[in-house]
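Residue strings, one per chain:
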Amino acid sequence: KNLPKNAKTMRTLFSSQMCSDWLLDFSTTSCREEAEAITAEFLKYNWIEYQDTKHHKEAPIKASKNIIQDCLATTTTYANFGSTTAEESISSRPSSVAVDVDPKESNSARLQIILDNAKLLPSFKEFLRQNFCEENLDFWIDYNTLRRKCRNQSPALSSSYQKDFLEDAYDIWNTYLAPSSPRELNVEHALCQEMGRIINSVVTVIPAYSGKPTILITTSSASQSLRMMLKLLDKVNDHICRLMASDSVPKFVKTEKYKRIMDSIEKNERKKLKELTEDVLYSDDYK
C-alpha cells in the first residue's frame, strides 16, 4: 500500500535451519535453542514469515531444512542528481534476517575445514592450548572416536561391544563433564545433571588402591543406555562446536600461522590443478 509505482517487492527464501545457523555464526547466540527462540520472535513481529501456511500453528519453531521462511524487502529505484541511477533498499525489517550466507564466510564451515585438515588441526590445538581451552577440541576428538567406533560396528552391535562403548562414554563423562572433572567443559548444568543420572543408573565404579578404578556396566539394557548417552553427548558436541566456531575460530583465522598454512594449501592446490591441466593438454596433443 502507498508504495511508489516503481517499487518492487523482493523475497529472500531460507529454511529455519539456515536462519538458526546464521544466528549462531553471526551473532552472540550461544545455542540452537536460543536461535530457535529468536527466530520465533522474528515470526511474532512479522519480520519473517512462513512460505507455507501449514507451519503457522507450529510452536515452538524447530530448525529444519524442510520449513521454508521468507523475508520481504522493498526496493525503490530513483534518479540520482545527475545522469546516473541507483537503487536504494528501504525496508522496515532489519537486514540481518536475510540469511543467504556464503558457506565460505561461515565460522561453522571454517571450523569443519580446520577439523578435517591434518595441517590445520595441530595448529588449532596449539592455539586453543595457548588460550586455555584445549579441552574443547580434546572432547571433540574423543567424542568422534566413540561415534566412529559405533558406526563401524553398526547396524547390529553385540552386547559386549555395547558395554565397551558405554565404558568409553563413561570415560568421556568422567574426564569432561562430571563434577570436578579434570578437564571440565563449560556446558549447561542441567545437561550434566541428566547425564549424571544416567551414569549412576548404568555404571558401578569399584575403587582401586592403585591404578584406575574398575568400571562395571550394571544396566539390564546396554543398548538403550548407550543410545541415551550418545544422544546427550551429541548435544554436548553441538554446544562445543558452536562455542569453538563462535569464539575460537574467528581469532584463530587471524593468526599468521593460519594464514601461512592456508597459503601453502592454496599453492599446493594451484600446483596440482596446473599439473592436471598440463596432463590433459599433453594427452590431447597426442590424440
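Worth saying up front: this structure is predicted, and the values here are computed from it rather than measured.

Draft legend 1. Expanded view of the side chain of Ser123. Structurally, Ser123 can be placed in helix H4 (residues 120-130). Those residues in contact with Ser123 that sit more than four places away from it in its chain are Phe252, Lys257 and Ile261.

Draft legend 2. Region of the structure containing the packing of H4 against helix H8 (residues 222-252). With their axes 11 Å apart at the nearest point, H4 and H8 run at an angle of 100° to one another. What the angle tells us is that H4 and H8 run roughly perpendicular. Only Met244, Ser248, Val249, Lys251 and Phe252 of H8 make contact with H4, whose side of the interface consists of Leu120, Ser123, Phe124, Phe127 and Leu128. For the contact of H4 with H8, a count of residues per class yields seven nonpolar, two polar and one charged.

Draft legend 3. Inspection of helix H2 (residues 32-44) at higher detail. Taking 1.5 Å of rise per residue, 13 residues should cover 18 Å, and H2 covers 18 Å from first to last C-alpha, within 8% of that figure. If you check which residues of H2 are buried, you get Ala35, Glu36, Thr39, Phe42 and Leu43. The buried residues of H2 occupy an angular sector of 110° when projected down its axis, which confines them to one face. In H2, the exposed positions that point more than 90 degrees away from the buried face belong to Glu33 and Lys44.

Draft legend 4. Expanded view of the nonpolar core. Residues Phe124, Phe139, Leu177, Leu233 and Val236 are the most contacted members of the largest nonpolar core, which totals 51 residues. When contributions to this core are tallied by element, the ones reaching two or more residues are helix H3 (107-116), H4, helix H5 (134-153), helix H6 (159-177), helix H7 (189-202), H8 and helix H9 (256-285). With 13 residues, the top contributor of residues to this core is H8. Beyond its immediate stretch of four places on either side in the chain, Leu233 contacts Phe139, Tyr143, Leu146, Ala169, Ile172, Leu177 and Met195.

Thresholds applied
- Residues numbered from 1 in each chain as written.
- Predicted model: local features only at pLDDT ≥ 70, side-chain atom pairs only at ≥ 80, totals over all residues.
- Heavy atoms only, no water.
- Helix = DSSP H or I, 4+ residues; strand = E, 2+ residues; numbered from the N terminus.
- Contact = heavy atoms within 4.5 Å.
- Axes fitted to C-alpha atoms, helices over the stretch in contact; angles between N-to-C directions.
- Parallel < 35°, antiparallel > 145°, perpendicular 65-115°, else oblique.
- Nonpolar A, V, L, I, M, F, W, Y, C, P; charged D, E, K, R; others polar.
- Expected span 1.5 Å × (residues − 1).
- Buried < 20%, exposed > 50% of the residue type's maximum accessible area, 1.4 Å probe, protein only.
- Arc of directions from axis to C-beta.
- Core = buried A, V, L, I, M, F, W, Y, C linked by side-chain atoms within 4.5 Å.

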